Amino acid sequence: MKLSRPMSLFLVAFGVWSWVIWPTFLKNIWNDARSFSDGPTAFFTVHLVLVIASLVFGTVIGVLGVRGFLATRRR
């Protein structure tokens, strides 16, 4: 499969965006009063799983974008 240069850059931007947004979201959830009560609550656990999954997907998508961009430079 071939990715165009603009699509590759979009995927890279998505990956970077994920790493900007989700850690901030986790910090806000961490400081929320509903997150801990004698240990992590279900509220915190669900959001932590969401953050981890989003960071993994964002990383994979960003890597695909970088690989696509580098492939357009080699042609």
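Structure shown above.
In short, a report on the structure. All chains use their own residue numbering, which begins from 1 and follows the written sequence. Restriction of local features to residues with pLDDT of at least 70 applies here, the model being predicted, together with a cutoff of 80 or more for giving and counting side-chain atom pairs; totals for whole chains, interfaces and linings are based on all residues. Values reported for side chains reflect all heavy atoms of the structure, with hydrogen atoms and water molecules removed beforehand.

### A word on the overall build of the protein chain
Argument step 1. Along the protein chain, the regular secondary structure elements total two helices and zero strands.
Argument step 2. This radius of gyration counts C-alpha atoms alone. The globule rule is 2.2 Å times how many residues there are, raised to the power 0.38. Its C-alpha atoms give the protein chain a radius of gyration of 17 Å, clearly above 11 Å, the size a compact globule of 75 residues would have.
Argument step 3. On the principal axes, the C-alpha backbone points of the protein chain span a range of 60 × 15 × 10 Å.
Argument step 4. Contacts: residue pairs with any heavy atoms within 4.5 Å of one another. Within the protein chain, contacts between residues at least 6 apart in sequence are counted, and of these 68% link residues at least 24 apart.
Argument step 5. Put simply, the protein chain shows about 5500 Å² of open surface, and 72% of that area lies on carbon and sulfur atoms. A helix here means a DSSP run of H or I that spans at least four residues, while a strand means a run of E at least two residues long, and both kinds are numbered starting from the N terminus. Throughout, the Shrake-Rupley method with a 1.4 Å probe supplies accessible areas, and for residues the shown protein chains are the sole cover considered.

### A few points about the packing of helix H1 (residues 5–30) against helix H2 (residues 42–74)
Argument step 1. All axes are obtained by fitting lines to C-alpha atoms, using only the stretch in contact for helices, and the reported angles, taken between N-to-C directions, cover 0 to 180 degrees. At a minimum axis separation of 7 Å, H1 and H2 run at an interaxial angle of 160°. One element, H1, and the other, H2, form an angle in the roughly antiparallel class. Pair H1 / H2 crosses with left-handed handedness.
Argument step 2. Residue polarity is assigned by list, with Asp, Glu, Lys and Arg as charged and Ala, Val, Leu, Ile, Met, Phe, Trp, Tyr, Cys and Pro as nonpolar; anything else, Gly included, falls into the polar class. Considered class by class, the residues forming the contact of H1 with H2 number 20 nonpolar, eleven polar and two charged. Any angle that falls under 35 degrees is termed roughly parallel, while one over 145 is termed roughly antiparallel, one within 65 to 115 roughly perpendicular, and all others oblique. We call a crossing left-handed when the near helix sits turned anticlockwise from the far one by less than a right angle, and right-handed when that turn is clockwise.

### Quick notes on a nonpolar patch on the surface
Argument step 1. A surface patch of nonpolar side chains, about 470 Å² in accessible area, is lined by Ile52, Val56, Phe57, Val60 and Leu64.
Argument step 2. Tracing the chain through its elements places Phe57 in helix H2. Like-charged residues are merged into a patch within 9 Å and nonpolar side chains (Val, Leu, Ile, Met, Phe, Trp, Tyr) within 5 Å, provided each residue has over 30% relative accessible area and no salt bridge. In the sections that follow, a salt bridge refers to a side-chain nitrogen of Lys or Arg positioned within 4 Å of a carboxyl oxygen of Asp or Glu.

### Focus: unusual backbone geometry
Argument step 1. With a phi angle near 55°, Asp38 is a residue other than glycine that sits in the positive phi range.
Argument step 2. Within the secondary structure, Asp38 sits in the loop between H1 and H2.
Argument step 3. Residue burial is assigned from relative accessible area. The probe radius is 1.4 Å, only protein chains are included, and a residue is buried under 20% of its type maximum, exposed over 50%, and partly exposed in between. Under the relative-accessibility criterion, Asp38 is labelled exposed at 88%.

### Side note on the packing of aromatic side chains
Argument step 1. Between 30 and 60 degrees the pair is tilted, below 30 it is stacked and above 60 it is edge-to-face, where a pair is any two Phe, Tyr or Trp rings, Trp via its six-membered ring, whose centres lie within 6.5 Å. Going through the model one piece at a time under the given rule, you end up with four aromatic pairs.
Argument step 2. Here the aromatic rings of Trp30 and Phe44 are separated by 5.4 Å at their centres, their planes lie at 80°, and the arrangement is edge-to-face. With Trp30 in helix H1 and Phe44 in helix H2, the pair connects residues that are 14 residues apart, well separated along the chain.
Argument step 3. Residue Phe44 is classed as buried on the basis of its relative accessible area, which comes to 6%.
Argument step 4. Between Phe36 and Phe44 the ring centres are 4.9 Å apart and the planes differ by 40°, which places this aromatic pair in the tilted class.
Argument step 5. A residue is classified by how much of its surface remains accessible, and Phe36, at 33% relative accessible area, is partly exposed.
Argument step 6. What links up through ring pairs into an aromatic cluster is the set Trp30, Phe36 and Phe44.

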